Amino acid sequence: MAIKPKPNELLSAINYAPPQKQWMDNPVEFKKGYYCYGAKPKNLEYIGFPNGREWNSADQDWKLVDNWKEIFLEGMENLLKKFRSFRLFMDICVRCGACADKCHFFIGTGDPKNMPVLRAELLRSIYRRYFTVAGKLGKIAGARDLTEDVFKEIWYYYYQCTECRRCSVFCPYGIDQAEITMMGRELINLLGCCTDWISGPLANCYRTGNHLGLQPHTIKSNFDYMLDDLEEHTGVRVEPTFNRKGAEILFVTPSADFFAEPGVFTCMGYLLLFHYLGLDYTWSTYASEGGNFGFFTSNEMMKRLNSKIYAESKRLGVKWILGGECGHMWRVLHQYMDTMNGPADHLEAPVSPFTGTKFENAKSTKMVHISEFTADLIKHGKLKLDKSRNDNLNVTFHDSCNTSRGMGIFEEPRYIINSVCNHFHEMPDSTTRENTFCCGSGSGLNAGEIEELRMLGGLPRANAVKYVKEKHGVNMLSCICAIDRAVLPPLIDYWMPDVGVCGVSELLGNALIMPGEKERENNLRGEPLPGMEEKGEEE
Amino acid sequence: MGMIFSLIAVIVLVAVAFVGTQLHLSGLFGVAIPYLAFLVFIAGFVRKVIKWGQSPVPFHIPTTCGQQKSLPWIKQSKLDNPSTTLQVIGRMALEVLLFRSLFRNIKTHRTDGGPVYGSNKWLWLGGLAFHVTFFVVFIRHLRFFTEPVPAWVNMLDAVDGFVQVGVPHMLITGVVLLAAATYLLLRRIFNSQVQYISLAADYFPLFLIIGIALTGILMRYFIKVDIVKVKELTMGLATFKATVPDGIGSIFFIHLFLISVLFAYFPFSKLMHLAGVFMSPTRNLANNSRAVRHINPWNPKVHLHTYEEYEDEFREVMKSEGIPVEKE
């Protein structure tokens, strides 16, 4: 898995000086390690996407359909009519350059076409050429013909954007490259040119209810492993239910949380919390995915995958929905779900059964974030916590892009961390909260074949972690995102090893004093708790 | 290429106006073109805004730049993450009047140890100085289109001339406008990243505005024109009784022509950010999408993979795991 270039080689190769020639005169060059494999036809077929075929993104010939250009331009016209954001963002950019050095991919690669403004110009040049009068003048008007090379260039760079919205924070008009990338990817999907890494999970999720393609029995057995581990560490047997009708709450989280480390430790944290509370809740195998790769494909596909959550909540007759820790999942739930698949009239406005708190901010969508739920419990003194169990951890917190800039959940997780840990240190301001840096692998870019790109995209985040590691001895990077939990460990290992990655609920699970627990010797990872190290050795 | 092209374009425009006045086409340059330009401006501006308005805002996508409103004891960042219309107005006011987002600007520096970030307020300062002074200069010019001149316009003039240098008093905004526009131009030329992204459409309005400011300053302090006659002409335009008095210098017509070009060019250019900033869905929406349902007028009908289909495929394994099913 490890990529060939050493960190210092990649670092010293970064150069922010753009080439001499104008950008339109520099054709795209497909660099190995920077682009994904193409979608397999069987996956596209399964979800009813057009123009699937055997093709290879590394080949010269992409086997595009004959009328690909008309499809692209018609699609573009359609999107311009449907999205004010798109039309506006095509028209009003003044190219002030404020966004230029805000993109983690630009900071990491130095490729000028990764400046958000230029990534947008790749598409804007087509807009001008085909949808404005001045664009008929061609290059001098910033316009160019749509050719196969131009399409490939758009493809190449629109899968070097993680839709993190950092550029949008700094833009004086709020132009959001994430939005433009989403439009570009809609067009790419009309031509069957999705990536393999995105289309596989899409088809999985449509069929099995989750991106990883876990079928009901696999989900169940994954849980059994976690429950056994929990029993070993805490002496408490937790017994969650699945697809149970009449539960008060449906809990939905990314499937990665019950699939692999370190996500499973976060999941153990949820399980302990719900058991501690005696929460009347259920998991669902049908709606077993909080994340939504449709979001990286088309608004329709996003709606199709997301629909399962409300549908399942209705079938099971729950009162409201609780959601686990995930970034883009929460952007979709917060900003899209109610619009797409609401109104959720079959549900009730969420009220915490333990504190009586009405979650006014979620009264229409009826879905509450686990950090909101937990912070409220702690504030009301409903949880018995032993902070010292996390004393071996020196924690920092990574704000995930989507929950930061598409929601604004900053204080809730910090409140939880400070309630369950004694040692917490912030990364520098220019890299946290609304200024946070992406992990470099969001929006469906967590593909093995683009590891070099991902290491570079994640460099700004990793470098900020390095800073607090050196300054405060930080050894644990916490977050509230499943993609982060999957991709930050290899990123951190690459740039500066010896910092772990965990979900906030894992830290909570460590500190939570469970009723009837045995003397806790291990944390949720099975590592000895502070002060228990020797005991472990004796055994 | 874009820069040279734009510079030449503006020089040609100046020459056209100069030659025009030499050929005694002052009726064309003093009346017809300004009227036409103004019409194009209004029609084009309205058309563009309507065009934007015709595309709906299907999803609720504010960019949140501060703490959300959630639990009552957590302090919300009301101006950077507004949850009510009033707070949105506050956010927009900060954005439009003080360039809130540009004020955030930071600069990334490359070091051997990786990227580091430093404060960078120059673009904010230059941009704000440019826009504020442009606006004041625009308002000041109302004295050419009103009779009697409203007291507040005179007052603005007096404040603007507070330094009391020269005769007539130097108006500070004109000078700052020229300086700020020049800064924005130089930045575009010498900052290699900005230069790389710049198009002719970025240089052209800057050259045009610098031309307008220069001719204005020249006219006021150096190549004097008969200001009474100028006012006669501008009042004629304002009252639809157009007259072109003889003996106004060419410099005035060059000034007026460049302004006419700016007006006519405006609706077809990036300058429409003036209207666009108010319509940007990442800024003008409250972050309350979980509390109030946002409606998508074209919410599509889509194929769904229903629970029934799911259970049909997985019923046996569900049963064997003790997971409840609808149909036994």
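Residues numbered from 1 in each chain as written. Chains lettered and ligands numbered in written order. Predicted model: local features only at pLDDT ≥ 70, side-chain atom pairs only at ≥ 80, totals over all residues.

## So, the overall build of chain B
Across its full length, chain B carries 13 helices and two strands. Relative to its length of 328 residues, chain B is extended, with a C-alpha radius of gyration of 28 Å against a globular reference of 20 Å. Here chain B holds 328 residues, and 34% of them are scored as buried. Long-range pairs, those at least 24 residues apart, make up 62% of the contacts in chain B with a sequence separation of at least 6. (Helix = DSSP H or I, 4+ residues; strand = E, 2+ residues; numbered from the N terminus. Rg over C-alpha atoms; globule rule 2.2 N^0.38 Å. Buried ≥ 20, exposed ≤ 12 C-beta atoms within 10 Å, placed from the backbone. Contact = placed C-beta atoms within 7 Å.)

## Thoughts on the overall build of chain A
Helix and strand counts for chain A stand at 22 helices and seven strands. Against the 2.2 N^0.38 benchmark of 24 Å for 539 residues, chain A shows a C-alpha radius of gyration of 24 Å, consistent with a compact globule. Taken across its 539 residues, chain A has 62% of its residues classed as buried. In chain A, 76% of the contacts between residues at least 6 apart in sequence involve partners at least 24 apart.

## What to know about the interface of chain B and chain A
Many structure descriptions define interface size as the accessible area lost when the parts assemble. Listed per partner, the contact involves 81 residues of chain B and 99 residues of chain A. Take the side of chain B that touches chain A: its biggest share by element is six residues, from helix H13 (residues 307–320) of chain B. The class makeup of the residues in the side of chain B that touches chain A is 43 nonpolar, 28 polar and ten charged. (Nonpolar A, V, L, I, M, F, W, Y, C, P; charged D, E, K, R; others polar.)

## Details of the pairing of strand S1 (residues 106–111) of chain B
All names here are of chain B. Note: S1 against strand S2 (residues 114–119), six bridges, orientation antiparallel. Its bridge partner lying in S2, His109 is registered against Val116. As consecutive antiparallel partners, S1 and S2 are separated by two residues. (Pairing = 2+ DSSP bridges.)

## Focus on the packing of helix H7 (residues 148–158) of chain A against helix H9 (residues 177–190) of chain A
All names here are of chain A. Contact geometry of H7 with H9 gives a least axis separation of 10 Å together with a crossing angle of 125 degrees. With respect to H9, the axis of H7 lies oblique. Pair H7 / H9 crosses with left-handed handedness. Contacts between H7 and H9 involve Ile154, Trp155 and Tyr158 on the former and, on the latter, Thr181, Gly184, Arg185 and Ile188. Class assignment for the residues of the contact of H7 with H9 results in four nonpolar, two polar and one charged. (Axes fitted to C-alpha atoms, helices over the stretch in contact; angles between N-to-C directions. Parallel < 35°, antiparallel > 145°, perpendicular 65-115°, else oblique. Left-handed = near helix turned anticlockwise from the far one by under 90°.)

## Re the domain arrangement of chain A
Residues and elements named next belong to chain A. Taken as a whole, chain A is organised into domain 1 (10–30 + 50–193) and domain 2 (203–511). Domain 1 and domain 2 are separated by 31 Å when their C-alpha centres are compared. At the junction of the two partners, domain 1 supplies 18 residues and domain 2 supplies 20 residues. At the level of elements, helix H5 (104–109), helix H8 (166–170) and H9 are the ones that each hand at least two residues to the side of domain 1 that touches domain 2. (Domains from an automatic or database assignment.)

## A short note on the sheet that holds strand S6 (residues 476–479) of chain A
Residues and elements named next belong to chain A. Strand order in the open sheet made by the three strands is S5-S6-S7, with parallel pairing throughout. In this open sheet, the two edge strands, each paired with only one partner strand, are strand S5 (395–398) and strand S7 (500–503). Direction aside, the axes of adjacent strands within the sheet are offset by 35 degrees on average.

## Looking at the packing of helix H1 (residues 2–22) of chain B against helix H11 (residues 250–265) of chain B
When two helices pack together, their arrangement is given by the angle between their axes and by how far apart the axes lie. Residues and elements named next belong to chain B. Close contact between H1 and H11 brings their axes to 9 Å; oriented N to C, the two are set at 135 degrees. As far as their axial angle goes, H11 and H1 are oblique. The element H1 and its partner H11 pack so that their crossing is right-handed. Judged by residue contacts, Leu13, Val14, Ala17, Phe18, Gly20 and Thr21 of H1 engage Ser250, Phe253, Ile254, Phe257, Leu258 and Val261 from H11. Across the contact of H1 with H11, the residue classes break down as nine nonpolar, three polar and no charged.

## Thoughts on helix H10 (residues 227–238) of chain B
Spanning twelve residues, H10 of chain B covers 16 Å between terminal C-alpha atoms, matching the ideal 16 Å at 1.5 Å per step. Phe240 of chain B, located one to two residues past H10 of chain B, shows a positive phi value of around 60 degrees. (Expected span 1.5 Å × (residues − 1).)

## Digging into the sheet that holds strand S4 (residues 367–369) of chain A
All names here are of chain A. Spatially, four strands are ordered S2-S1-S3-S4 in an open sheet, and the strand pairing comes out parallel. Looking at the sheet topology across the chains shown, the edges are occupied by strand S2 (281–282) and S4. Bridge count between strand S3 (residues 320–323) and S4: three bridges; the pairing is parallel. Looking across to S4, one finds that Leu322 is bridged to Val368.

## Things to note about the confidence of the model for chain B
With 100% of its residues at a pLDDT of at least 70, chain B reaches an overall mean of 96. Model confidence for the complex is summarised by a pTM of 0.96, with the ipTM given as 0.96. (pLDDT = per-residue confidence, 0-100.)

## Quick notes on the pairing of strand S1 (residues 249–252) of chain A
Residues and elements named next belong to chain A. Both faces of S1 are covered, namely the face carrying Ile249 and Phe251 and the face carrying Leu250 and Val252. In this sheet, S2 lies alongside S1 in parallel orientation, the contact comprising two bridges. Residue pairing in the sheet places Ile249 in a bridge with Tyr281 of S2. Taken together, S1, helix H12 (residues 263–277) and S2 constitute a β-α-β crossover, and its handedness is right-handed. Across four bridges, the pairing between S1 and S3 is parallel. Looking across to S3, one finds that Ile249 is bridged to Trp320. (Right-handed = clockwise from strand over helix to strand, strands pointing away.)

## A short note on the environment of Trp155 of chain A
Residues and elements named next belong to chain A. In this structure, Trp155 sits in helix H7. Sequence-wise, Trp155 and Tyr35 are 120 residues apart; in three dimensions their C-alpha atoms are separated by 9.0 Å. With residues up to four places along the chain from it excluded, the contact list for Trp155 reads Ile188 and Cys193.

## Some remarks on helix H6 (residues 116–131) of chain A
Residue and element names in this part refer to chain A. In this model, H6 (16 residues) spans 21 Å end to end at C-alpha, consistent with the 22 Å of a helix rising 1.5 Å per residue. Along its length, H6 shows its largest kink, about 35 degrees, at Leu122. Within H6, 14 of the 16 residues are buried, which leaves the element mostly enclosed by the surrounding structure. (Bend = angle between axes of the 7 residues up to and from the residue.)

## Overview of unusual backbone geometry
Residues and elements named next belong to chain A. Note the cis peptide between Glu261 and Pro262, where omega equals 0 degrees. Assignment of secondary structure puts Pro262 in the loop between S1 and H12. Residue Pro343 follows Gly342 across a cis peptide bond; omega there is -5 degrees. As for its position among the elements, Pro343 is in the loop between helix H14 (327–341) and S4. A positive phi angle, close to 65 degrees, is found at Lys366, a residue other than glycine. Relative to the elements of secondary structure, Lys366 occurs in the loop between H14 and S4. Notably, Asp498 is not glycine yet its phi reads approximately 80 degrees, a positive angle. Mapped onto the elements, Asp498 comes out in the loop between helix H20 (482–495) and S7. Using a count of 8 C-beta atoms within 10 Å as the deciding quantity, one classes Asp498 as exposed.

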